[in-house]
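Examination of the molecular architecture
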Amino acid sequence: KAGVTQTPRYLIKTRGQQVTLSCSPISGHRSVSWYQQTPGQGLQFLFEYFSETQRNKGNFPGRFSGRQFSNSRSEMNVSTLELGDSALYLCASSGGTGEHNEQFFGPGTRLTVL
Amino acid sequence: TQLLEQSPQFLSIQEGENLTVYCNSSSVFSSLQWYRQEPGEGPVLLVTVVTGGEVKKLKRLTFQFGDARKDSSLHITAAQPGDTGLYLCAGARGNQFYFGTGTSLTVIP
């Protein structure tokens, strides 16, 4: 079974631009979560989508948004990029139901904002 | 406020030494996962523990879930340079996951 895939792996943007990142979950998984990871803040939860609906949301500004398609693939968008948005963005998929969920991560997208 | 606190934050040891990493919380979790992450890559799931008091072994790694399901530990025996990485614990409550602050381990040959 293929793992979680994320595209692109690396991205360089300038301040004020917007960016879209993509994530394909493990086949059969309906939940996709997004995280931002920086050396100073660690792993920070952005949001989670389950069956095309945002089910949970972290404490990030509205510039960060996402969506999930009927095939469970997900995209996240960051508008009006700031220098502080430079980070590793990680996507994780899980079954999304049941008492003992497990999350599996993709390799991440390294975003650099200049 | 971080729901899960890991200690130590940084650890540098010689090859062959033993070590223990702790993951503590005041909250109860239905399950707890441990991950290892290498620079520039996504975290890789090592183990999931679900029952209070449960102990799982993965070669030289031993994972324990606290009796009250609020804390966990990871013990590595005879550490090797390949164990170097960031170790993360994550607790599950319902459909949400809460990550620890991470422990950066360096094993020196």
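Structure: above.
Quick summary incoming for the structure in this document.

Thresholds, definitions, all that
- Residues numbered from 1 in each chain as written.
- Chains lettered and ligands numbered in written order.
- Predicted model: local features only at pLDDT ≥ 70, side-chain atom pairs only at ≥ 80, totals over all residues.
- Heavy atoms only, no water.
- Contact = heavy atoms within 4.5 Å.
- Buried area = accessible area lost by both parts, 1.4 Å probe.
- Salt bridge = Lys/Arg side-chain N within 4 Å of Asp/Glu carboxyl O.
- Polar contact = N/O pair within 3.5 Å; in protein donor to acceptor, adjacent residues only side chain to side chain.
- Helix = DSSP H or I, 4+ residues; strand = E, 2+ residues; numbered from the N terminus.
- Buried < 20%, exposed > 50% of the residue type's maximum accessible area, 1.4 Å probe, protein only.
- Disulfide = S-S within 2.5 Å.
- Pairing = 2+ DSSP bridges.

1. Side note on the interface of chain A and chain B
- The interface of chain A with chain B comprises 20 residues on the first partner and 19 residues on the second.
- When chain A packs against chain B, the two sides together hide about 1600 Å² of surface, and 51% of this comes from carbon and sulfur.
- Applying the counting rule to chain A against chain B returns one salt bridge.
- A:Arg9 is the partner of B:Glu41 in a salt bridge, and the nearest nitrogen-oxygen pair spans 3.6 Å.
- The tally of links from chain A across to chain B stands at five residue pairs in polar contact (both at pLDDT 80 or more).

2. Here we look at the side chain of A:Glu75
All names here are of chain A.
- Counting through the fold element by element, Glu75 comes out in strand S8 (residues 74–78).
- Residue classification places Glu75 among the buried positions, given a relative accessible area of 16%.
- Among the polar contacts made by the side chain of Glu75, one reaches the side chain of Arg73 at a distance of 3.3 Å.
- Once residues within four sequence positions are removed from consideration, Glu75 is found in contact with Thr20, Leu21, Ser22, Trp34, Ser65, Gly66, Arg67 and Phe69.

3. Re the state of the cysteines
- For the structure on display, the rule yields two disulfides over all chains.
- Two residues, A:Cys23 and A:Cys91, share a disulfide whose sulfurs are 1.7 Å apart. The disulfide joining A:Cys23 to A:Cys91 has a torsion of about -50° about its S-S bond and is therefore left-handed. Of this pair, A:Cys23 sits in strand S3 (residues 19–24) while A:Cys91 sits in strand S9 (residues 87–94), and the two are 68 residues apart along the sequence. Here A:Cys23 and A:Cys91 have matching classes, each one buried.
- The residue that forms a disulfide with B:Cys23 is B:Cys89, at a sulfur-sulfur distance of 2.0 Å. Judged by the sign of its S-S torsion, about 80°, the cystine formed by B:Cys23 and B:Cys89 is right-handed. Taken as a pair, B:Cys23 in strand S3 (residues 19–24) and B:Cys89 in strand S9 (residues 85–93) lie far apart in primary sequence, 66 residues in all.

4. Some details on the pairing of strand S8 (residues 71–76) of chain B
Residue and element names in this part refer to chain B.
- In the sheet, S3 pairs with S8 via six bridges, with the strands oriented antiparallel. Residue pairing in the sheet places Val21 in a bridge with Leu74 of S8.
- In terms of strand pairing, strand S7 (residues 61–65) meets S8 through five bridges, oriented antiparallel. Along S8, the bridge assignment pairs Thr62 with His75.
- Linking S7 to S8, which pair antiparallel, is a turn of five residues; within it Arg69 sits at a positive phi near 60°.

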